Amino acid sequence: MEFLSNSSYQVISLSKATELISSQSPPDADYVVLTFDDGCERFYDITFPILESFGFPSAIYPVANYLGKRATWGNVRNRELRILSRSQITELAGLQVEIGAHTMDHVKLTTVSEDDAIVQVLESKKILEQLIGREIRSFAYPHGAYTRETIGIVKEAGFSNALTCVARAAGAAESMFEIPRKYITYYDDLNAFKQKLL
Ligand SMILES: [Zn+2]
């Protein structure tokens, strides 16, 4: 974050970025958007204070059925990880953190029935909207898994954009429901991070 802060990159909010993407004009600067899937409690304890100290906006995608609980879905390796509580999410929502949806149970939407996929997408939107009293506009596909049908479900649910894990820069004229992202891992040192910004 210190590197970003001293660089020519501009860290902007997700909603500002989606505005730029949908305007279809070529970006006039190098922009970065910081997004964090799953909504781990560590975001509140560790990440957010760092982002806040640099004045960086961000977006988080909490798994809606696990608020305040341990992340025990699927084959999550660290089953001690806790997901943000309802009050932590409400607090963050008032502090330059956009809240997006990431299904109820972190399911791979391409492997469940259409009915289940609809419930997973719609319910997660509803629960988070009731919690923060604001519209949830952004969705992140768990495991980055989506098909044309999945896009249809997400659109139908009333989202205005969706993030994938397709690793490239989001230029202008992207589909708003297939916004690419670059995955930064625990193992990326500063050099690897810089490479991914290119
Ligand atoms: Zn996830």
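Each value, and the rule that gives it
Residues numbered from 1 in each chain as written. Predicted model: local features only at pLDDT ≥ 70, side-chain atom pairs only at ≥ 80, totals over all residues. Heavy atoms only, no water. Donors = N, O, S within 2.8 Å, 3.2 Å for Na, K, Ca; no water. Buried < 20%, exposed > 50% of the residue type's maximum accessible area, 1.4 Å probe, protein only. Helix = DSSP H or I, 4+ residues; strand = E, 2+ residues; numbered from the N terminus. Contact = heavy atoms within 4.5 Å. Phe/Tyr/Trp six-rings, centres within 6.5 Å; stacked < 30°, edge-to-face > 60°. Lys NZ or Arg CZ within 6 Å of the ring centre and 35° of its normal. Axes fitted to C-alpha atoms, helices over the stretch in contact; angles between N-to-C directions. Parallel < 35°, antiparallel > 145°, perpendicular 65-115°, else oblique. Left-handed = near helix turned anticlockwise from the far one by under 90°. Nonpolar A, V, L, I, M, F, W, Y, C, P; charged D, E, K, R; others polar. Patch = residues over 30% accessible without salt bridge, like charges linked within 9 Å, V, L, I, M, F, W, Y side chains within 5 Å. Areas by Shrake-Rupley, 256 points an atom, 1.4 Å probe, with all protein chains shown as cover. Salt bridge = Lys/Arg side-chain N within 4 Å of Asp/Glu carboxyl O. Lys, Arg positive; Asp, Glu negative; His and termini not counted. Charge placed at Lys NZ, Arg CZ, Asp CG, Glu CD. Pairing = 2+ DSSP bridges.

S.K.: Tell me what's going on with the coordination of the zinc ion, and back it up with residues and numbers.
M.R.: All of the protein donors around the zinc ion are Asp38 (OD), His102 (NE2) and His106 (NE2); their distances to the metal are 2.1 Å. Judged by its relative accessible area of 11%, His106 is buried.

S.K.: Mind laying out the side chain of Ser58, listing which residues take part and the relevant values?
M.R.: When you line up the elements, Ser58 lands in strand β4 (residues 58–62). When sequence neighbours within four positions are dropped, the list of residues in contact with Ser58 reads Leu34, Phe36, Phe43, Leu51, Gln96, Val97 and Glu98.

S.K.: Which residues make up the environment of Ile89, and what values go with them?
M.R.: Its place among the elements puts Ile89 in helix α4 (residues 86–93). Remark: the alpha-carbon pair of Ile89 and Ser13, spanning 76 residues in sequence, is separated by 17 Å.

S.K.: Give a description of the packing of aromatic side chains that names residues and reports values.
M.R.: Counting across every chain of the model gives eight aromatic pairs. Summarising the aromatic geometry, the rings of Tyr141 and Tyr146 are spaced 4.7 Å apart at their centres and angled 20 degrees between planes, so their arrangement reads as stacked. Accessibility expressed as a relative area gives 0% for Tyr141, which makes it buried. On the basis of relative accessibility, which here comes to 21%, the residue Tyr146 falls in the partly exposed class. A network of ring pairs unites the aromatic residues Phe139, Tyr141, Tyr146 and Phe159 as a single cluster. Between the NZ or CZ atom of Lys125 and the centre of the ring of Phe159, over which it lies, the distance is 5.4 Å.

S.K.: Mind laying out the packing of helix α3 (residues 41–54) against α4, listing which residues take part and the relevant values?
M.R.: In contact at an axis separation of 9 Å, α3 and α4 are set at 45 degrees when each is read in the N-to-C sense. Relative to α4, α3 is oriented oblique. Crossing of α3 against α4: the hand is left-handed. From α3, Glu41, Phe43, Tyr44 and Phe48 reach across to α4, where they touch Gln88, Glu91 and Leu92. Here the residues of the contact of α3 with α4 sort into four nonpolar, one polar and two charged.

S.K.: Quick rundown of a negative patch on the surface? Include the residues and the values.
M.R.: Side chains of Glu114, Asp115, Asp116 and Glu149 sit close together on the surface and give a patch of like negative charge. Take the negative patch: its biggest share by element is three residues, from helix α5 (residues 114–132). Mapped onto the elements, Glu149 comes out in helix α6 (residues 148–156).

S.K.: If you had to explain the sheet that holds strand β5 (residues 97–99) to someone new, which residues and values would you point to?
M.R.: The three strands lie next to each other as β3-β4-β5, forming an open sheet whose pairing is parallel. Each edge of the sheet is formed by a strand with only one pairing partner; in this case those strands are β3 (35–38) and β5. With strand direction ignored, the average angle separating the axes of adjacent strands in the sheet is 20 degrees. By the bridge criterion, four bridges tie β3 to β4 in an arrangement that is parallel. When the sheet's bridge partners are listed, Asp38 is paired in β4 with Pro62.

S.K.: Mind laying out the pattern of salt bridges, listing which residues take part and the relevant values?
M.R.: Applying the stated criterion across every chain, the model contains six salt bridges. We note a salt bridge from Glu123 to Lys126, for which the minimum N-O separation is 3.1 Å. Of this pair, Glu123 and Lys126 both sit in helix α5, three residues apart, which is roughly one turn of that helix. Glu123 sits in the partly exposed class, given a relative accessible area of 28%. A salt bridge links Glu135 to Arg137; the shortest N-O distance between them is 3.8 Å. Classification of Glu135 by relative accessible area gives partly exposed; the value is 49%. Judged by relative accessible area, Arg137 falls into the partly exposed class, the value being 43%.

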